[in-house]
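A look at the structure
Now for the letters of each chain:
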There are 2 protein chains.
Amino acid sequence: MREFKSVNWSINMSLEDSNTYTLGSFFIALASIFIAGKVVSSIFVKFRQPEVLGELIAGVLLGILGLIPLYGEVGYHFFHLLAEIGVAILLFEIGLETDLNDLIKVGLPSLIVALIGVVAPFFFGYYTIYILADMGFISFATDGSLFLLALTVAATLTATSVGITARVLSELKKLNQTESKIILGAAVIDDVLGLIILAVVSGIIATTGGTGSDFTVSIPSILIISAKAFGFLILAILIGNLFTKKLFIFVHSLKARGSLLLGALSYTFIFAYLAKLAGLAPIIGAFAAGLLLAKTHQKDLIEDRLKPVADVFIPIFFIMVGSAVDISSFNPFIKENIAVIILAVVLSIVAIVGKVISGFGVYNLNVNKLVIGIGMIPRGEVGLIFASMGLVSGVLTKSEYSAVTIMVMVTTFIAPPLLYKFYRD
Amino acid sequence: MREFKSVNWSINMSLEDSNTYTLGSFFIALASIFIAGKVVSSIFVKFRQPEVLGELIAGVLLGILGLIPLYGEVGYHFFHLLAEIGVAILLFEIGLETDLNDLIKVGLPSLIVALIGVVAPFFFGYYTIYILADMGFISFATDGSLFLLALTVAATLTATSVGITARVLSELKKLNQTESKIILGAAVIDDVLGLIILAVVSGIIATTGGTGSDFTVSIPSILIISAKAFGFLILAILIGNLFTKKLFIFVHSLKARGSLLLGALSYTFIFAYLAKLAGLAPIIGAFAAGLLLAKTHQKDLIEDRLKPVADVFIPIFFIMVGSAVDISSFNPFIKENIAVIILAVVLSIVAIVGKVISGFGVYNLNVNKLVIGIGMIPRGEVGLIFASMGLVSGVLTKSEYSAVTIMVMVTTFIAPPLLYKFYRD
């Protein structure tokens, strides 16, 4: 009736132990992330350099020490999700400090900056690949494959990652300046443009089967993608405006501990989810949530209570970004790296110049145009998505992928010190 | 040279999409946890009932709706780890509000309460199983197997889970009362006693191969386990006392945003890890970290900045505890459940009485002895560890396991309202 299994109880403990062993490792991993981030950042702050650069470099160090990927798949997912929560909270915090009307006021200059910041790097990148191929730097199979390579590299150059810039603007307490608003507006528009470019480029690859000839791009599908993205943003703001104030009067009346803070975070996460449904980056939704809550009576209270939570989550994002740097591809003593480094240097110059000139598209406004251009430089994870798609489909070789990755990292690491130099009075 | 794969790019997107799809679900899952927790808790607070009971019930509801286990293995691990961070932060917060000297002052009454609270439920539970077997309620194969069953059930009844009680004491703002200190001290001692019982019971099962006869228990190994656990606690406090104050003067001098808060959290996580290494629950380490930081000059600042972070993480723990309740085993219309429910009711009464009398072991002190006993009632996850070991080794049948689980849940859910009733003036 009662069947005994000859399982050793100390083995059965492993059921719980595998959990708690992992648990122990996670506690140590979290502590390492926090300690490394704050120690390196504090050194940067001491020398009046961007705190966020300290976190990125702490991430690189933890990556080299093997402290971040060591924790297996569960660990990877866990820290990745914490990082995503972190960057969502960052954009929410930025939105909370931004006046929607001011953002709309700079709508036209934002649009111009976004368009130039997409078109210029695209063409620069496209022709750079053709020129490098002419000079014999790049090997390719057919004219079609060269076309696809140029197209993919050009696409990676168009992205803008708003996280880095937003963080630096917040560190410098410049979020209320016109320059900052133009950058934020342009970054949001750029996310939508990025979706359209993604649709076009992937359409070309899919219909040509990788040969680059006889492609068709479905105009209706591109229109649908654009309409979904813009539609989400407009509807979220319009509908959100109708009930957000009343909703948060109710939330604030709840008596349970931390209701207002958790209400604001839930609102952020729901908007992040909706943005994702519309095909946009979740952080765009989080930013929209911040814009809406900026108009509530509880704005200051929310900001105050959010700060320590932001302090916990945001560094995890930047440390994870830093930990993704593959330091070995920078080693010039490895022969195969030299071609990669040359391509990376050329692409980085193109990437920086292409975005910096976008700032000079702003006319009639007395703003620091250079700062706007610099603010658009970081490519971040958006550029990496293009690059990894190129790698998986075979359009990019491993070396070209490495070069593009280095370009993304260079733009990410160079923007904070440049902004500090040119935007701090 | 360049090989193209005919992979559809929209399929390649799934690489990223599987991540971000999950990402979207996580955002919604987190939002559901926060919203359900705060809405149900607010109703409880309105009727002057424990907030934590609202969170437990919100967890039960989310479990019934399938909202928590829906997110697959990654989701399970993710929310489980967040919950563990939550309970660690709770015990750290409690430690921060506790004066170590006061805790040492009530050391003797705490020890008496812990000992009675282990011995009484153990013997009650042990003889209850024999009495129920005599009455034909329990089927068993051999005398040995009945002995092992009684032993295992008795062991589950000895556990004390400090999380629930600590949270209620904090809600009632009673952490400074002598009763609260006796409860906290007894719970820490009980965790060590639990380790010893675990070693003895698993030793008996292992050496008898499940027959319950001719067992040997290794006294040296039990001494080592006890020495490790007590040694950790004493060393952590003694060594920690030497450098913690100076360390946090340094941490507070760091200029990076949130250094003090992240320093305190890192300290907590490192102590949680060390406690785990010593074989104790990580929360005991977190509690010790709180006791140490309570003596620093930055105590008030840390407490202030920790509060919003605690508001985010702590509810996740209680909601996860609630979501683990298998509501179907409570359905009396399913015939097989009736025997389970009878056993569960008997065990719950034994569990409650066994702990309540422990409070009456306190002599010479003018305290509310009933409250101390009630504070020791919740078995929580510690009881569940014993039960799942019993299930895996075959000592417990599925029905007996269910009954033990229900007993754990009853003790967990009944303690908060009882404490509110008898401890609120």
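Residues numbered from 1 in each chain as written. Chains lettered and ligands numbered in written order. Predicted model: local features only at pLDDT ≥ 70, side-chain atom pairs only at ≥ 80, totals over all residues. Heavy atoms only, no water.

Attention now moves to the overall build of chain A. Per the secondary structure count, chain A includes 16 helices and zero strands. Expected size for 425 residues packed as a compact globule is a radius of gyration near 22 Å; at 23 Å, chain A falls within 12% of this value. Looking at chain A as a whole, 60% of its 425 residues qualify as buried. Restricting the contact set of chain A to residue pairs at least 6 apart, pairs at least 24 apart contribute 80%. Accessible surface computed for chain A: about 16,800 Å², of which carbon and sulfur atoms make up 67%. Across chain A, the mean location of the 27 positive side-chain charges is 8 Å away from that of the 27 negative side-chain charges. (Helix = DSSP H or I, 4+ residues; strand = E, 2+ residues; numbered from the N terminus. Rg over C-alpha atoms; globule rule 2.2 N^0.38 Å. Buried < 20%, exposed > 50% of the residue type's maximum accessible area, 1.4 Å probe, protein only. Contact = heavy atoms within 4.5 Å. Areas by Shrake-Rupley, 256 points an atom, 1.4 Å probe, with all protein chains shown as cover. Lys, Arg positive; Asp, Glu negative; His and termini not counted. Charge placed at Lys NZ, Arg CZ, Asp CG, Glu CD.)

Let us look at the packing of helix α10 (residues 259-277) of chain A against helix α12 (residues 299-323) of chain B. Contact geometry of α10(A) with α12(B) gives a least axis separation of 9 Å together with a crossing angle of 70 degrees. On the basis of the axis angle, α10(A) is roughly perpendicular to α12(B). Where α10(A) crosses over α12(B), the two elements pack in a sense that is right-handed. Between α10(A) and α12(B), the contacting residues are Leu261(A), Leu262(A) and Leu265(A) on the first element and Pro308(B), Asp311(B), Val312(B) and Pro315(B) on the second. When the residues that make up the contact of α10(A) with α12(B) are grouped by side-chain class, the tally is six nonpolar, no polar and one charged. (Axes fitted to C-alpha atoms, helices over the stretch in contact; angles between N-to-C directions. Parallel < 35°, antiparallel > 145°, perpendicular 65-115°, else oblique. Left-handed = near helix turned anticlockwise from the far one by under 90°. Nonpolar A, V, L, I, M, F, W, Y, C, P; charged D, E, K, R; others polar.)

Of all hydrophobic cores here, the largest spans 196 residues; its most connected members are Leu265(A) and Leu265(B). When near neighbours in sequence (up to four residues on either side) are disregarded, Leu265(A) contacts Ile89(A), Leu306(A), Val309(A), Phe34(B) and Val312(B). (Core = buried A, V, L, I, M, F, W, Y, C linked by side-chain atoms within 4.5 Å.)

Turning our eyes to something else, we now look at helix α9 (residues 219-253) of chain B. Residue and element names in this part refer to chain B. Its 35 residues give α9 an end-to-end C-alpha distance of 49 Å, which sits within 8% of 51 Å, the value for a rise of 1.5 Å per residue. Of all the bends in α9, the largest measures some 45 degrees and sits at Asn-241. Within α9, burial applies to Ile-222, Ser-226, Ala-229, Phe-232, Leu-233, Ala-236, Ile-237, Gly-240, Thr-244, Phe-248 and Val-251. Of the surrounding secondary structure, the elements contacted by the buried residues of α9 are α4 (100-105), α8 (178-208), α10 (259-277), α11 (282-293) and α12. (Expected span 1.5 Å × (residues − 1). Bend = angle between axes of the 7 residues up to and from the residue.)

Where charged atoms of side chains with opposite charge meet at close range, the side chains can pair. Counted by the stated rule, this structure contains 26 salt bridges over all chains. Across the pair Glu51(A) and Lys38(A) runs a salt bridge, and its minimum N-O distance is 3.7 Å. Separated by 13 residues along the polypeptide, Glu51(A) in helix α2 (residues 51-64) and Lys38(A) in helix α1 (residues 9-46) bring together distant segments of the chain. For the pair formed by Glu51(A) and Lys38(A), the shared burial category is buried. When the shortest N-O distance is used, the salt bridge between Arg167(B) and Glu171(B) registers 3.6 Å. Taken together, the residues Arg167(B) and Glu171(B), both in helix α7 (residues 162-171) and four residues apart, mark about one turn of the helix. Of the residues examined, Arg167(B) reaches a relative accessible area of 5% and is grouped as buried. Through salt bridges with shared partners, a single ionic network connects Lys38(A), Glu51(A), Glu55(A), Arg167(A) and Glu171(A). (Salt bridge = Lys/Arg side-chain N within 4 Å of Asp/Glu carboxyl O.)

Turning next to empty space enclosed by the protein. If you walk through the whole model with that rule in mind, you get 11 cavities of 30 Å³ or more. Put simply, the largest cavity is a space of about 80 Å³. If you trace the largest cavity, you find it lined by Ile85(A), Ile89(A), Leu265(A), Phe269(A), Val309(A), Phe313(A), Leu30(B), Phe34(B), Leu82(B), Val312(B), Phe313(B) and Ile316(B). Mapped by element, the contributors of at least two residues to the lining of the largest cavity are α3 (72-96), α10 and α12 (299-323) of chain A together with α1 (9-46) and α12 of chain B. With three residues, the top contributor of residues to the lining of the largest cavity is α12(B). Classifying every residue of the lining of the largest cavity by side-chain character gives 12 nonpolar, no polar and no charged. (1 Å grid on protein atoms, 1.4 Å probe; cavity = no way out; pocket = protein on both sides within 12 Å on 5 of 7 lines; lining within 4 Å. Points joined across faces, edges and corners; volume = space filled by probe spheres on them.)

Moving on, we get to the confidence of the model for chain A. Residue and element names in this part refer to chain A. The share of residues in chain A with pLDDT of 70 or more is 91%, and the mean pLDDT across the chain is 85. The least confident element of chain A is α1, whose mean pLDDT is 72; the most confident is α10, at 95. Interface confidence for the predicted complex, given as ipTM, is 0.84, next to a pTM of 0.86. (pLDDT = per-residue confidence, 0-100.)

Residues and elements named next belong to chain B. Direction vectors running N to C along α9 and α10 enclose 165 degrees, while the axes themselves pass 11 Å from each other. Relative to α10, α9 is oriented roughly antiparallel. For the pair α9 and α10, the sense of crossing is right-handed. Here α9 contributes Lys-228, Phe-232, Ala-236, Gly-240, Phe-243, Thr-244, Leu-247, Phe-248, Val-251 and His-252 to the contact with α10, which in turn contributes Ser-259, Leu-260, Gly-263, Ala-264, Tyr-267, Phe-271, Leu-274, Ala-275 and Leu-277.

Next up on the list: α7(B). Residue and element names in this part refer to chain B. Most of α7 is tucked away, with 10 of its 10 residues classed as buried. Among the residues of α7, those classed as buried are Val-162, Gly-163, Ile-164, Thr-165, Ala-166, Arg-167, Val-168, Leu-169, Ser-170 and Glu-171. Taken from the residues just after α7, Lys-173 is the one with a positive phi, measuring 55 degrees.

Once that is clear, we can look at the packing of aromatic side chains. Residues and elements named next belong to chain B. As enumerated under the stated definition, the model contains 30 aromatic pairs over all chains in all. A centroid spacing of 5.7 Å and a plane angle of 75 degrees characterise the contact between Phe-122 and Phe-123, whose relative ring orientation is edge-to-face. Ring centres of Phe-248 and Tyr-267 lie 5.4 Å apart, and the angle between their planes is 90 degrees; this geometry places the pair in the edge-to-face category. With Phe-248 in helix α9 and Tyr-267 in helix α10, this residue pair connects regions lying 19 residues apart in the sequence. Residue class for Phe-248 comes out buried when judged on its relative accessible area of 1%. (Phe/Tyr/Trp six-rings, centres within 6.5 Å; stacked < 30°, edge-to-face > 60°.)

Now for the side chain of Ser170(B). Considering the arrangement of structural elements, one finds Ser170(B) in helix α7. Beyond its immediate chain neighbours, meaning those up to four positions away, Ser170(B) contacts Ile94(B) and Leu175(B).

Residue and element names in this part refer to chain A. The phi angle at Arg-48 is positive, at roughly 50 degrees, despite the residue not being glycine. Structurally, Arg-48 is set in the loop between α1 and α2. Given a relative accessible area of 52%, Arg-48 falls into the exposed group.

Attention shifts here to the environment of Arg257(B). Among the secondary structure elements, Arg257(B) is positioned in the loop between α9 and α10. With relative accessibility at 22%, the residue Arg257(B) sits in the partly exposed group. With near-sequence residues (within four places) excluded, Arg257(B) lies in contact with Lys38(A), Glu51(A), Glu93(A), Lys307(A), Ala310(A) and Asp311(A). Here Asp311(A) takes part through its side chain, which lies 2.4 Å from a polar atom of the side chain of Arg257(B). (Polar contact = N/O pair within 3.5 Å; in protein donor to acceptor, adjacent residues only side chain to side chain.)

What follows deals with the environment of Ile197(B). Following the sequence through the fold, Ile197(B) ends up in helix α8. Residues Ile197(B) and Ile385(B) lie 188 residues apart in sequence; the distance between their C-alpha atoms is 12 Å.

Looking now at the environment of Ala199(B). All names here are of chain B. Tracing the backbone shows Ala-199 in helix α8. Note on Ala-199: relative accessible area 17%, which makes it buried. When neighbours within four sequence positions are excluded, Ala-199 is seen to be in contact with Ile-222 and Ile-225.

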